[in-house]
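Structural overview
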Amino acid sequence: MSSDHLDKGYEPSCIEKKWYTYWLDNGFFKAEDKSDKKAFSIVIPPPNVTGVLHMGHALNNVIQDIMCRYRRLLGYNVLWMPGTDHAGIATQNVVERDLAAKGLTRDQIGREEFIKHVWKWREKSGGAIINQLKRLGASCDWDRERFTMDEGLSDAVRKVFVRLYKEGLIYQGQYIINWCPRCKTALADLEVEYEEEDGYLYYIRYPFVNRKQGLTVATTRPETMFGDMAVAVNPTDKRFKDLEEKQIRLPLTDRVIPIIKDDYVDIQFGTGALKVTPAHDPNDFFLGEKHGLEKLKVIGDDGQMLDGAGRFSGMDRFECRKKAVEALIEQGLLVKKEPIKHSVGNCYRCRTVVEPSISKQWFVKVAPLAKKASDAVRNGRTNIIPDNWSKTYFEWMDNIRDWCISRQIWWGHRIPVWKCPDCGQEIVEEIDPSHCTVCGSSKLVQETDVLDTWFSSALWPFSTMGWPENTDLLKTFYPTNVLVTGFDILFFWVARMMMMGTYFMDEVPFNDVYIHALVRDEHGKKMSKSKGNVIDPLKVIDEYGADAFRFTLAAFAAQGRDVKMSESRVEGYRHFVNKLWNASRFALMHISVKDTRIDLKKISLVEKWILSRCAQTSLEVKQGIENYKFNEAASAIYQFVWHEFCDWYLETAKPALYEKEGVQRRDIARSVLSKVLEDILIMLHPFMPFVTEEIYSILPATNGSVMAAAYPYNEKDYKINRNEAVEKDMDFIFGLISGIRNIRSEMNIQPSMKIKVLAHTADGKEKILIAENKSIIANLAALESFYFCEADLIPPSSASAIIGNTTCFVLLEGVIEFDKEIIKLEKELEKNTKELLTIQKRLYNENFLEKAPEEVIQKVKDQHIDLEGKNNKLKDNLERIQKMK
RNA sequence: GGGCGAUUAACUCAGCUGGUAGAGUGCAACCCUUACAAGGUUGAAGUCGCAGGUUCAAGCCCUGCAUCGCCCA
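Let me sum up the structure you'll find in this document. Quick caveat, the model's predicted, so the values are computed rather than measured.

**Thoughts on the overall build of chain A**
Scanning chain A from terminus to terminus reveals 29 helices and 29 strands. In terms of overall size, chain A is more extended than a compact globule, its C-alpha atoms giving a radius of gyration of 37 Å where 885 residues would be expected to give roughly 29 Å. Each of the three principal axes of chain A carries a C-alpha extent, and together these read 115 × 65 × 55 Å. Across the 885 residues in chain A, those meeting the buried criterion constitute 55%. Expressed as a percentage of contacts within chain A between residues at least 6 apart in sequence, the contacts between residues at least 24 apart total 77%. Roughly 40,400 Å² of accessible area belongs to chain A as shown, and the carbon and sulfur atoms make up 48% of that amount.

**Let's talk about the pairing of strand E14 (residues 355-364)**
Looking along a regular strand, one sees side chains alternate from face to face of the sheet. By the criterion of burial, E14 is predominantly enclosed, with 9 of the 10 residues buried. By the bridge criterion, 10 bridges tie strand E5 (residues 170-180) to E14 in an arrangement that is antiparallel. Note on E14: the bridge partner recorded for Gly173 is Gln361. The sheet contact formed by E14 and strand E16 (residues 403-404) spans 2 bridges and is antiparallel. Residue pairing for E16: Phe363 is matched across the bridge by Cys404.

**So, the nonpolar core**
Within the largest apolar cluster, 207 residues are counted, with the highest numbers of intra-cluster contacts made by Phe455 and Phe645. The greatest single-element share of this core, amounting to 15 residues, is contributed by helix H20 (residues 630-657). Beyond its immediate stretch of four places on either side in the chain, Phe645 contacts Ala583, Ile610, Phe640, Leu650, Leu673, Val676, Leu677 and Ile680. Counting residues in each nonpolar core, the second largest holds 30 residues, with Ile257, Ile299, Cys320 and Leu334 among its members.

**Considering the packing of aromatic side chains**
Under the counting rule described, the total for this entry stands at 42 aromatic pairs. Ring centres of Trp403 and Phe455 lie 5.9 Å apart, and the angle between their planes is 40°; on these two criteria the pair is classed as tilted. Residue Trp403 is found in strand E16, and its partner Phe455 is found in helix H12 (residues 453-457); the two are separated by 52 residues along the sequence. Of the two residues examined, Trp403 and Phe455, each falls in the buried class. Joined through ring pairs, the aromatic side chains of Phe551, Tyr573, Phe576, Tyr638, Trp642 and Phe687 make up one cluster. Over the ring of Tyr76 we find Arg71, and its NZ or CZ is 5.1 Å from the ring centre. It is Lys134 that lies over the ring of Trp142; its NZ or CZ is 5.0 Å from the centre.

**Examining the pattern of salt bridges**
A complete count under the given rule lists 39 salt bridges for this structure. The salt bridge partner of Arg665 is Glu607, with a shortest N-O separation of 3.2 Å. A residue pair is termed long-range when its members are at least 10 positions apart, and Arg665 in helix H21 (residues 663-684) and Glu607 in helix H19 (residues 605-626) qualify at 58 residues. Note that Lys870 and Glu828 form a salt bridge whose closest N and O atoms lie 3.9 Å from each other. With a gap of 42 residues between them, Lys870 in helix H29 (residues 854-884) and Glu828 in helix H27 (residues 818-843) connect regions that are remote in the sequence. With relative accessibility at 25%, the residue Glu828 sits in the partly exposed group.

**Some remarks on the packing of helix H6 (residues 128-136) against helix H16 (residues 537-544)**
Packing of H6 against H16 leaves a shortest axis separation of 10 Å and a crossing angle of 35°. Once H6 is placed against H16, the crossing between them reads as left-handed. Listed contacts from H16 to Gln132, Arg135 and Leu136 of H6 are Leu538, Ile541 and Asp542. Classifying every residue of the contact of H6 with H16 gives 3 nonpolar, 1 polar and 2 charged.

**Structural notes on the sheet that holds strand E23 (residues 510-516)**
Ordered in space as E15-E23-E22, the 3 strands form an open sheet in which the pairing is parallel. Two strands lie at the open edges of the sheet, namely strand E15 (383-385) and strand E22 (480-486), each paired on one side alone. Adjacent strand axes in the sheet meet at a mean angle of 20°, parallel and antiparallel pairs treated alike. Here E22 pairs with E23 via 6 bridges, running parallel. In the sheet register, Val482 faces E23, and the bridge partner there is Asp512. Contacting E22 and E23, helix H2 (residues 55-73) runs over the sheet at an angle of about 160° to E22.

**Focus on the packing of H2 against H6**
Two elements in contact, H2 and H6, have axes whose closest approach is 10 Å; the angle formed by their N-to-C orientations is 55°. By the angle between their axes, H2 is oblique relative to H6. Read as a crossing pair, H2 and H6 show a hand that is right-handed. Residues His57, Ala58, Asn61 and Val62 of H2 form the contact with H6, whose participating residues are Ile129, Leu133 and Leu136. In terms of residue class, the contact of H2 with H6 is built from 5 nonpolar, 2 polar and no charged.

**Concerning the side chain of Arg722**
With respect to the secondary-structure elements, Arg722 resides in the loop between helix H23 (715-721) and helix H24 (724-746). Among the polar contacts made by the side chain of Arg722, one reaches the side chain of Gln616 at a distance of 2.8 Å. Look past the residues within four positions of Arg722 in its chain and what remains in contact with it is Ser612, Arg613, Ala615, Gln616 and Glu727.

**Comments concerning H16**
When we look at burial in H16, the residues that qualify are Pro537, Leu538, Val540, Ile541 and Tyr544. The buried side chains of H16 occupy one side of the element, clustering within an arc of 160° when seen end-on. Exposed residues pointing more than 90 degrees away from the buried face of H16 are listed as Lys539 and Asp542. On its buried side, H16 packs onto helix H1 (12-25), H2, H6, helix H17 (546-556) and helix H18 (567-590). With a side-chain oxygen lying 2.9 Å from the backbone nitrogen of Leu538, the N-terminal cap of H16 falls on Asp536. Taken from the residues just after H16, Gly545 is the one with a positive phi, measuring 95°.

**A few points about the sheet that holds strand E19 (residues 426-428)**
If you walk across this open sheet you meet the 3 strands as E19-E18-E20, and the pairing is antiparallel. The open sheet has two edge strands with one neighbour each: E19 and strand E20 (445-446). For strand E18 (residues 417-419) and E20, the ladder comprises 2 bridges, and the chain directions are antiparallel. Of the residues in E20, the one forming a bridge with Lys419 is Val445. Here helix H7 (residues 151-166) sits on the sheet in contact with E18 and E19, set at roughly 130° to E19.

Conventions used here
Residues numbered from 1 in each chain as written. Chains lettered and ligands numbered in written order. Predicted model: local features only at pLDDT ≥ 70, side-chain atom pairs only at ≥ 80, totals over all residues. Heavy atoms only, no water. Helix = DSSP H or I, 4+ residues; strand = E, 2+ residues; numbered from the N terminus. Rg over C-alpha atoms; globule rule 2.2 N^0.38 Å. Buried < 20%, exposed > 50% of the residue type's maximum accessible area, 1.4 Å probe, protein only. Contact = heavy atoms within 4.5 Å. Areas by Shrake-Rupley, 256 points an atom, 1.4 Å probe, with all protein chains shown as cover. Pairing = 2+ DSSP bridges. Core = buried A, V, L, I, M, F, W, Y, C linked by side-chain atoms within 4.5 Å. Phe/Tyr/Trp six-rings, centres within 6.5 Å; stacked < 30°, edge-to-face > 60°. Lys NZ or Arg CZ within 6 Å of the ring centre and 35° of its normal. Salt bridge = Lys/Arg side-chain N within 4 Å of Asp/Glu carboxyl O. Axes fitted to C-alpha atoms, helices over the stretch in contact; angles between N-to-C directions. Left-handed = near helix turned anticlockwise from the far one by under 90°. Nonpolar A, V, L, I, M, F, W, Y, C, P; charged D, E, K, R; others polar. Parallel < 35°, antiparallel > 145°, perpendicular 65-115°, else oblique. Polar contact = N/O pair within 3.5 Å; in protein donor to acceptor, adjacent residues only side chain to side chain. Arc of directions from axis to C-beta.

Here it is, written out as structure tokens:
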């Protein structure tokens, strides 16, 4: 499987394929139904079977994959349950389009034949999105893949429906619902998307029966006037105080309708007179109920006007709007029309303007379910993260309306209700009934509607695990640890899973709900086909590799903020992948045997330092992942790998690795390098699974897959390796090197030119540190020589840098540019003085000394001493240089 | 109309229970130094949207305002 070297540049495509196949073949993604190990489980938000992977999926699944891979490294028995959703309306639309291409409609071929077509379609192309998830590296337990229309899941749906029905929580009724005239089905409130559009507000005069005058009503939908059953005014409205008429004439018809009074009418809006259309407006529906008005449906299910529209019947609703307005103008009844921005409801599947319409539908009485679901979050059994979404969740749950669950389409779970045509009995059973339970008739007719897709998705966390059977899987993995989702389906899906889970399992479906951001384009705009700003994740993977893409998503997944995605960012992280690759190439030039045993007593300060930093990084990555702060985890490891491991540690390790300090030192250096690189690969694996596996497989010190490795630094190892004192010491050394480098750069000293440096310090500890790390300093700052000097022997022609209590003098032997050094020192002194003054201001403030906590005061005092010391040294140096000039 | 969020370097964003403002990209200078130019070293760059308030101390807490975005009606 592995070779013993790495190519010069990292080439993702074939490596990704190779390792994904390897993981699958070796069962690394498999969960055990029963196990002694601790369990960790996530159910995937099932993508639509018609779906194509978009950025939202990518972010969603990368986050889940990071968590799953991380838990495996910790030794958990991990279940990541995959699957797809049958997506009733969406899928039906796709297949209908296919048929239309062949000149067929679903009505022509009939229900049974149509459903066969859908299944065939699914077999052919339904798995596309699954393969796309695999390209991302998703480590789902694919053998368990579920589909909401599977037999088992359908059984669960049936069971839930029957129980809710028998408990009186499902009912059928005539209500106003949202109707899509194109899909020819009812939609739930949630399935309507509102959009601001330009329209007109038409003011129409309805004449009184016996007078020419009348009331003017305002509407944006004049075509609905044919369904008007009354005109309503507010009883407190002064304009209508003297109104005697009780009736009014409905223009363009021969109907006379009542004038009713109700304080529901908004005095501010329009003319104060409201046309009441109970069959085509939700508010009017309730007003109609209250006043006992008839509900006349005038717009048909296909969007064409019905008989009630008189000579306009048979006309399309929008055509009718135009024609009716023309007719009103002719009759002098259109008072005015003014442009208005108003929100128009569109079908979330096909964007057709939704018609509120009266219809007989099935509903779930959600209040009792919502109570349990809402309480579960209130009392902390389920945590919503970030927490501010809890409020939105409560808001919705507490004001929830009954859920319309019937859809007039064919693709979906058919509602298990039968009617007896002989005696009218309604039969609802889990097993298809063959005859009427009352009269014995065998002519039972099943309800033709199917259930809302979200009805089956609401059961997903337990139906996928085998419910209603009490399976081992359920026992091991339910409730799931976390659900990862975007907030756009918080109500559609999460809320409903909470309702069904708490009701049927008596247990929440997940302990945590992590709500991640929406992925937008680089300007923060929603990605959409019409805007042409969609970035295809698969293309990004092709170009930059899955690892770079995944890392980008993780790095930008800060809580509570949208992810703004642009290819240039992915490119940046591809550089990171490459950096890791090259660092590993370098390491492989040196390490050749399995030896990662490290004797902490024998290793150098810088080696202790890198181990300490590595331990600390592992903790930060751990905390980041466990607290859903993936950006913090990503940035911790990025920072460590690039700027500590590569920039500092590898550079310091080179002399030892090249055997310039003897064989023993070389072997120690090898073992530390080997160990740290191995740790890095494991820590990084959840984020960048492919490249880490490739490198890990080649490292001589490792065996088998990185997926089988243990996450580095348990509590004990952390305590052994983390050493803040060592980190502080190294910060001093690194600061010293940077100080000298700074002088080199400011004084335009060529990198190839070696320089002489003298150090003066009264600090014993710093003196020892410098002495012990002299060769590192000399190497990294490119020094010819480095000695200590006494205060009275400070070289005249030199530039200085102050680090801690030590001053370094870079000898410039006549070539010093005094002006440059003076400017540099003055600038530094200015900055230092500023800082010193702010510190002093606090220290001389009695209130501060009185009220601030002791530790803060002590810290400020320490800072004061440091700053004052540095200030004096800067002044001395400046004075000295100025004298020289 | 109700609710939520944002406003910090040129750009994209971090910033914990209040304690001297950080990163990446970009920019500038120098460098092909034997893992990496997809690189290295060094540097410049911020009135933390505005106005008040609380506090010894405010990017962070409170109030108001402005601008932008999202969700629900």
